[in-house]
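Structural characterization, general
The lines below spell out each chain.
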Amino acid sequence: MFLMRFMDVSHVSTLRVAFTPAHIQLTCDGVYLALPKTRTVIGVWSLQDLSYKPLELVGHGKTLTALALGYVALNKLLVSAADDYVIVWDLQKARQQVEKGEKVRGRVIGTTLGYVRYCALSPDDSKVAVCTGYEIVILLTQRECKVAVLEGHDGPVTAAEFCPHYTATLVSISEDRTFKVWNVCDLTLVYQSPILTASPFLSMAMSLHDPRVAIGAADGMVRVIDLTDGNDFRCLHQVDANKIVTKEQENRYLAQAEIKKGPVKVSSRVPWRQTGRFSEGQDEVGSGPLVEAGSSVLGLYFTYVHQDSRQTSAQSRDLPFLQTKTSVVSDLLTDSPMLLVGTTAGLVRVNARSLDACQYIDLQDPICCTSSLESDNKVFNAAGSIIFGQGANQQMWCVIGSPFENVVHVLKWNQSKEKERVSSLTKSHDPSHDLSLEDGLSGDRSVGSPPSRASSVQKQPDLSVLSKASLLDDSPLRADITSKQKENKERRPREYVSPTKKGVIKDNQPLTFKTKIKSSGYTTQPRTTMFQPQTIFNGKSRTPVKSSPKPRPVQEYPVQGSPPQHLTLKENVAERPTAVSAIAVSDEGSHLACALANKSALVFSLPISKKGCSAYTGHNHVVSDVCWSQCGSRLITSSEDKTARVWVKGQSEPVLVFDRVLKNTRSERKENPLFSKEIHFAKFYFMDKFILLSSVNTLYMYKYFIDLNKNDIQRYLVQSKYKLVQSWNMDSQQVTAMTAVNSFLSYIVLCACSNKSIELFDMNVGQQVRKMTDVHSRLVHAVCQNEGSQYVSHPSGAYDLFASAAAGDCIKLWDLRTNRCVRRYEGHLNRVHPCGLAFSPCGRFIATGSEDKCSYIFDMRSGTYLHKLQGQTDVVSDVAFHPLNPQLFTSSLDGRIALYNNR
């Protein structure tokens, strides 16, 4: 599949320079462009019209090596460096001097510093960092003063930048494959990284939205480092630009290949290096194979997005519990900045929040020219240097220096047209979208197919978890099942049969003189060795006393509180270590259920104490999943013994066993086979009206009826029943994860498949309505919806968010309505074992397990983890939030449950 090409890219002008610009630092800020017009003369062009004569600055006596523009727009400063001087120029003052016919003079701030490879100004234009050799020299812009010399790199320093969020922070990179963080006010070294790669670092860029820096290497890897205080300067994300370029080139040339008559040619080369593969506009005669340009990262840039402060009143049409004051969904769906990556082979536009590649521009493809002097399209083949700049109205500029000629090419990227295009597509999805969401779509564009995909996206059905559409007449959700009521007949007294009378006792007549017999006590819940369950009985009967439901307290979840991070309790679920596959907290927050590998499920009463728990045994293999009903009195478990069982609190035996595909009747067994494979997932759905099961690559939806009446004589007769409503087969080998909302009515069901895709089903129409392909680099093992809680309210858009995770990959946050990834979370260790996910009831945090015996809590807005929770002694397999209190439950593979509080 191709990356979408909505952004208009055009060639504006070609400017000649004094020498090859491949080994010189050029500069462009979206308003001005500074280049070496001659070896010692600087030319400053205005990007409003490049045909005007540039401003010439004369002051150096040796060849220019580095140019840098300042950040302050009122008095724009330009720093130029050569082997003789480092000079600061005031461009506004210089233009006034030229108009008056005076000689332009700059301010010399450094003398004979040697070969200057890179220079950068601080955000307030008061300091200049000059990279010369193995050192960084800090100079002042107002006078000639050497503030400090920073040394410590073992290779030539390639770049250094000031952090716009912490003005005293300076980050430097070097060919020694490390980066260092300095404090230029205290003149101290804050952090020194280890060797991160085998290739030298070449470029870097600071983000204006968040305190983070992107570092590019010669091998095509881009690493995003977090500069926030207290986060230990950890690596947040990694982008493999070489992989993106290679995949895009391969897909593009495979699409252009045509089947020709004659023998089939088999080649061991990669597709774009095979003979007969030609780019657009090339002739076959005399062209030969294409040249691979490489993927060294030459330039990086974070775009800046001006957020719209407008507020929408669309929430007034929502339901009363859909409020906006307790949710951060508006912050999640705002405009996303872009990370522009310039390589020797092409340009890549990456979403800075989701790290999805949005566009690729191959420099070997012809680019349209807007200049009237140049009618032919331009083909650059390769780049020697790349710089980016952002001007007014978010207009992007790209300057490409040729590695073989003394010219630079100026490109313009028109983002406004893309924004209008994407906004129209967004409005076609759902007219009730917030304005922040409509505006936020302009920056996010995930990997897709050729340009014809735009029409297909527009034709996709409107999807939302909170759908306002009514049930269709033939909807599978209209299926229902009821019990047959027995006819009321007058009961006649049974006649006593004496031994003297001739008679035969009927088969269905109990061998007792009473209608019922006394229970032997086998129906009570089994005891465990660690916990001592206590059951309250009536004084006359051994039947458990049914307590009247207590009134639910009027409480709210503390949405502005801190996340749980303090370990307060850790318990073993059994005497011997047994893996906990999954955990679940009931909707009212009174019980915690655990699926264990010892063929059982445990239910703890909250708060957890050592008095006892309820054990549910009956499976013949590992219990893989556990789920509570919406009412909180029923529990469903799925197991690798090819069955799923429904349990009721207070009864030790299951009230319903799913072992056959169609229904649980004893007739028609040939047409009603047993499940052939394991049932990995089982969920209550549509507010307990249906039950969803997944086995192999099939999703099943059942209607069911549970009979709670107990008859000790006819215990073997099953009164509860189920019947298949509909089933759906996936285009994969197995369903690896499944999720559906049960706390309120929703038509949407999500299934993750082994082919790295997520399929969305609309149960109102009873069919698959969307398929998201290549959502992760490996198969998805966890999908979690933002279901919220009955103790907190969210806007309608918050319920359309869901997260997915894959082993060996990251956690991604998706928006159901737009079919796009909006955030990406990394930092935890997940390579082999499936680790669970959970949304906090406030909708601000995501918790996940990890293989480093810790659990992580991510801030949904920042994209990085806030806390690393320690205390477990093995892989954390699953996590679950309490619906009312700020508490987090975690489980591990060695059979321990841990509880974390926020204080």
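Chains are numbered independently. Their residues run from 1 in the order of the written sequence. Under the rules for a predicted model, residues below a pLDDT of 70 receive no local features and side-chain atom pairs below 80 are neither given nor counted, while totals for whole chains, interfaces and linings still include all residues. To get the side-chain values, take all heavy atoms of the structure and skip hydrogens and water.

**Some remarks on the overall build of the chain**
For clarity, the cut-off: Runs of H or I in DSSP of at least four residues are treated as helices and runs of E of at least two as strands, each being numbered from the N terminus. Only protein chains enter the accessibility calculation, which uses a 1.4 Å probe. A residue is then buried if its area is under 20% of the maximum for its type, exposed if over 50%, and partly exposed in between. By definition in these notes, contact holds between two residues if any of their heavy atoms fall within 4.5 Å. Here the open area of atoms and residues is found with the Shrake-Rupley method and a 1.4 Å probe, where only the protein chains shown may cover a residue.
Scanning the chain from N- to C-terminus turns up six helices and 56 strands. For the chain, the residues scored as buried account for 54% of the 903 residues in total. A fraction of 55% describes how many contacts in the chain between residues 6 or more apart in sequence connect residues 24 or more apart. Carbon and sulfur atoms make up 48% of the accessible area of the chain, which amounts to about 42,700 Å² in all.

**Points about the sheet that holds strand β13 (residues 146-151)**
Going by this rule: Two strands are said to pair when DSSP picks up at least two bridges between them. To get an axis, a line is fitted to the C-alpha atoms, and for a helix only the part in contact is used. The angle between two axes follows their N-to-C directions and goes from 0 to 180 degrees.
Strand order across the open sheet formed by four strands is β10-β11-β12-β13, with antiparallel pairing between neighbours. One side of each edge strand has no neighbouring strand; the edge strands of this open sheet are β10 (116-121) and β13. Between one strand axis and the next, the sheet turns through 20 degrees on average, direction left out of account. Across five bridges, the pairing between strand β12 (residues 135-140) and β13 is antiparallel. Across the sheet, I136 pairs through a bridge with L150, a residue of β13.

**Things to note about the packing of aromatic side chains**
This is how it is decided: Whether two aromatic rings pair depends on their centres lying within 6.5 Å, for rings of Phe, Tyr and Trp, where Trp uses its six-membered ring; planes under 30 degrees apart make the pair stacked, over 60 edge-to-face, and the rest tilted. To sit over a ring, a charge needs its Lys NZ or Arg CZ within 6 Å of the ring centre and within 35 degrees of the ring normal.
This structure, assessed with the given rule, holds 19 aromatic pairs. Where Y825 meets F858, the ring centres are 5.7 Å apart and the plane angle is 55 degrees; that geometry is what we call tilted. Residue Y825 is located in strand β49 (residues 820-825), and its partner F858 is located in strand β52 (residues 855-859); the two are separated by 33 residues in the primary sequence. Looking at Y825, the relative accessible area reads 0%, which means it is buried. Judged by its relative accessible area of 0%, F858 is buried. Through a chain of ring-to-ring contacts, the aromatic side chains of F658, F675, Y700, Y702 and Y722 assemble into a single cluster. One cation-aromatic arrangement involves R234 over Y865; the distance from NZ or CZ to the ring centre is 3.6 Å.

**Considerations on the side chain of Q97**
Along the chain, the position of Q97 falls in helix α1 (residues 91-99). Exposure remark for Q97: the relative accessible area of 13% places this residue in the buried category. If sequence neighbours within four positions are ignored, Q97 has contacts with E102, K103, V104 and R105.

**Here we look at the sheet that holds strand β34 (residues 623-628)**
Taken in spatial order, the four strands line up as β34-β35-β36-β37 in an open sheet, and their pairing is antiparallel. The open sheet terminates on both sides in strands that have one partner only, identified here as β34 and β37 (656-658). The mean angle between the axes of side-by-side strands here comes to 20 degrees, regardless of whether they run parallel or antiparallel. As paired elements, β34 and strand β35 (residues 634-639) share five bridges and run antiparallel to each other. Within β35, the position partnered with D625 by the bridge is S638.

**Some remarks on the pattern of salt bridges**
Filter applied, for reference: Criterion for a salt bridge: a side-chain nitrogen of Lys or Arg within 4 Å of a carboxyl oxygen of Asp or Glu.
Counted by the stated rule, this structure contains twelve salt bridges. Ionic pairing is found between R824 and D809, a salt bridge with its closest N-O pair at 3.9 Å. A residue pair is termed long-range when its members are at least 10 positions apart, and R824 in strand β49 and D809 in the loop between β47 (801-806) and β48 (811-815) qualify at 15 residues. Summarising the burial analysis for this pair, R824 and D809 share the class buried.

**Quick word on the nonpolar core**
Note the cut-off: Side-chain atoms within 4.5 Å are what join buried Ala, Val, Leu, Ile, Met, Phe, Trp, Tyr and Cys residues into a set we call a nonpolar core.
Of all hydrophobic cores here, the largest spans 31 residues; its most connected members are L33, L35, I42, V44, L57 and L78. Counting 30 residues, the second largest nonpolar core, distinct from the first, contains Y118, V181, V184 and I225.

**Thoughts on α1**
Worth spelling out the cut-off: Comment: arc refers to directions from the helix axis out to C-beta atoms. Whenever a nitrogen or oxygen atom comes within 3.5 Å of another N or O atom, the pair is scored as a polar contact, on the condition that within protein one atom can donate a hydrogen and the other can accept it, and that pairs from neighbouring residues in sequence are kept only if both atoms are in side chains.
Buried within α1 are the following residues: L91, A94 and Q97. Mapping the buried residues of α1 onto a view down its axis gives an arc of 120 degrees, with all of them on the same face. Those residues of α1 hidden inside the fold are in contact with β3 (32-36), β4 (41-46), β5 (55-58), β6 (64-69), β7 (77-82) and β8 (85-90). Capping the start of α1 is the job of one residue whose side-chain oxygen sits 3.3 Å from the backbone nitrogen of Q92: D90. Two residues or fewer after α1 comes G101, characterised by a positive phi angle close to 80 degrees.

**A few points about the pairing of strand β26 (residues 385-390)**
For β26, the buried fraction is high: six of the six residues fall into the buried class. With burial as the criterion, each face of β26 is covered, one bearing S385, I387 and G389 and the other bearing I386, F388 and Q390. Where β26 and strand β27 (residues 396-401) come together, six bridges link them in antiparallel fashion. Across the sheet, the residue bridging to G389 is W397, located in β27.

**Some points on the pairing of β10**
Of all the six residues making up β10, five are buried; the element is thus mostly covered by neighbouring parts of the structure. Bridge count between β10 and strand β11 (residues 127-132): five bridges; the pairing is antiparallel. Bridge pairing in β11 links V116 to T132. As consecutive antiparallel partners, β10 and β11 are separated by five residues, and within that stretch D125 has a phi angle of approximately 60 degrees, a positive value.

**Considering the state of the cysteines**
The test is simple: Only a pair of cysteine sulfur atoms within 2.5 Å counts as a disulfide in this structure description.
Per the stated rule, a full pass over the model turns up zero disulfides. For the unlinked cysteine C821, the closest cysteine sulfur is that of C810, found at 7.0 Å. With a relative accessible area of 2%, C821 lands in the buried category.

**Some details on the environment of S51**
Structurally, the position occupied by S51 is in the loop between β4 and β5. Separated by 38 residues in sequence, S51 and S13 place their C-alpha atoms 8.6 Å apart. At 2.5 Å, the side chain of S51 and the side chain of D49 are in polar contact.

**Quick word on unusual backbone geometry**
Look at the link from L606 to P607: it is a cis peptide, with omega at 0 degrees. Topologically, P607 is positioned in the loop between β32 (600-605) and β33 (614-617). At F233, a position not held by glycine, the phi torsion is positive, near 50 degrees. Counting through the fold element by element, F233 comes out in the loop between β20 (221-226) and β21 (235-240).

**Observations concerning the side chain of S600**
The topology assignment puts S600 in strand β32. Side chain to side chain, S600 and N598 meet in a polar contact 2.7 Å long. Excluding its chain neighbours within four sequence positions, the residues that come into contact with S600 are C594, A595, Y616, T617 and V623.

**Comments concerning the environment of V792**
Here V792 shows up in the loop between β46 (780-785) and β47. Taking the relative accessible area as the measure of exposure, V792 reaches 10% and is therefore buried. As for V792 and E556, which are separated by 236 residues in sequence, their C-alpha atoms are 5.9 Å apart.

**Description of the confidence of the model for the chain**
Condition: Residue-level confidence of the predictor is what pLDDT reports, using numbers from 0 through 100.
Averaged over all residues, the pLDDT of the chain equals 81, while 77% of them reach at least 70. Ignoring residues within four places in sequence, the model shows residues 526-552, a span with pLDDT below 50, making 34 contacts including any to other chains.

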